[in-house]
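The chain contents come next:
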Amino acid sequence: MATVTLYHGTTTENARQIERDGFIQAGSYYGGITGVALTPRREMAEEYACDWDDDGRIFELHVDIEDLVVDPESVDHSDVEQAIQNGESVYYIRGDLSI
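Now for a look at the structure at hand. Predicted model only: the values in this text are computed from it and were never measured.

So, how was this worked out
- Residues numbered from 1 in each chain as written.
- Predicted model: local features only at pLDDT ≥ 70, side-chain atom pairs only at ≥ 80, totals over all residues.
- Heavy atoms only, no water.
- Salt bridge = Lys/Arg side-chain N within 4 Å of Asp/Glu carboxyl O.
- Helix = DSSP H or I, 4+ residues; strand = E, 2+ residues; numbered from the N terminus.
- Buried < 20%, exposed > 50% of the residue type's maximum accessible area, 1.4 Å probe, protein only.
- Pairing = 2+ DSSP bridges.
- Axes fitted to C-alpha atoms, helices over the stretch in contact; angles between N-to-C directions.
- Arc of directions from axis to C-beta.
- Contact = heavy atoms within 4.5 Å.
- Phe/Tyr/Trp six-rings, centres within 6.5 Å; stacked < 30°, edge-to-face > 60°.

Observations concerning the pattern of salt bridges
Two side chains carrying opposite charge are able to pair once their charged atoms lie near each other.
(1) Moving on: The tally for this structure, following the rule as stated, stands at four salt bridges.
(2) Moving on: Of the charged contacts in the structure, one is a salt bridge between Arg 42 and Glu 46, with a shortest N-O distance of 3.1 Å. Pair noted here: Arg 42 and Glu 46 are both in helix H2 (residues 42-52), with a separation of four residues, about one helical turn.
(3) Moving on: Owing to a relative accessible area of 36%, Arg 42 belongs among the partly exposed residues under this scheme.
(4) Moving on: By relative accessible area, Glu 46 is classed as partly exposed at 35%.

Spelled out as structure tokens, the structure:
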């Protein structure tokens, strides 16, 4: 399996919970997706985290590409590798994601 490096941005409060639990809890998203929102662009994760909290946190994660789907709200294709190369958002769809 190919592994990719992706980022998850969140609030400081959520980051504390993630660190205590050892995982990022899956949520519900557009298109009926249940998963963890990720991006290949660190700066996008930073923007997302700071939208919610000036001191937001970023998690760098190494994820098997087979466990990902594209964000249907952001792109009009289903090619995960292409989405990652283009810097587009993806979702981890195997439940909660260990950090």
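Next comes the rest of the description.
Some words on the sheet that holds strand S4 (residues 33-38)
(1) Moving on: Spatial strand order, S3-S4-S7-S6: four strands in an open sheet with antiparallel pairing. Across the chains shown, the open sheet's two edge strands, defined by having one partner strand only, are strand S3 (27-29) and strand S6 (68-70). Sheet twist, expressed as the mean angle between neighbouring strand axes with direction ignored, is 60°.
(2) Moving on: As defined by bridge partners, S3 adjoins S4 across three bridges and the pair is classed as antiparallel. Paired with Ser 28 across the two strands is Thr 34, which belongs to S4.

Structural notes on helix H1 (residues 12-21)
(1) Moving on: Every buried residue belonging to H1 is among Thr 12, Ala 15 and Ile 18, and all of these are buried. When H1 is viewed along its axis, its buried side chains cluster within an angular range of 110° and face the same direction. Opposite the buried face of H1, at more than 90 degrees from it, the exposed residues are Glu 13 and Arg 20.
(2) Moving on: Among the structural elements, strand S1 (3-10), strand S2 (23-24) and strand S5 (57-64) are those in contact with the buried residues of H1.

Things to note about the packing of aromatic side chains
(1) Moving on: Tallied over the full model, the rule gives one aromatic pair.
(2) Moving on: Judged by centre distance (4.7 Å) and plane angle (40°), the rings of Tyr 29 and Tyr 91 are tilted. Of this pair, Tyr 29 sits in strand S3 while Tyr 91 sits in strand S7 (residues 90-92), and the two are 62 residues apart along the sequence.
(3) Moving on: Classification of Tyr 29 by relative accessible area gives partly exposed; the value is 30%.

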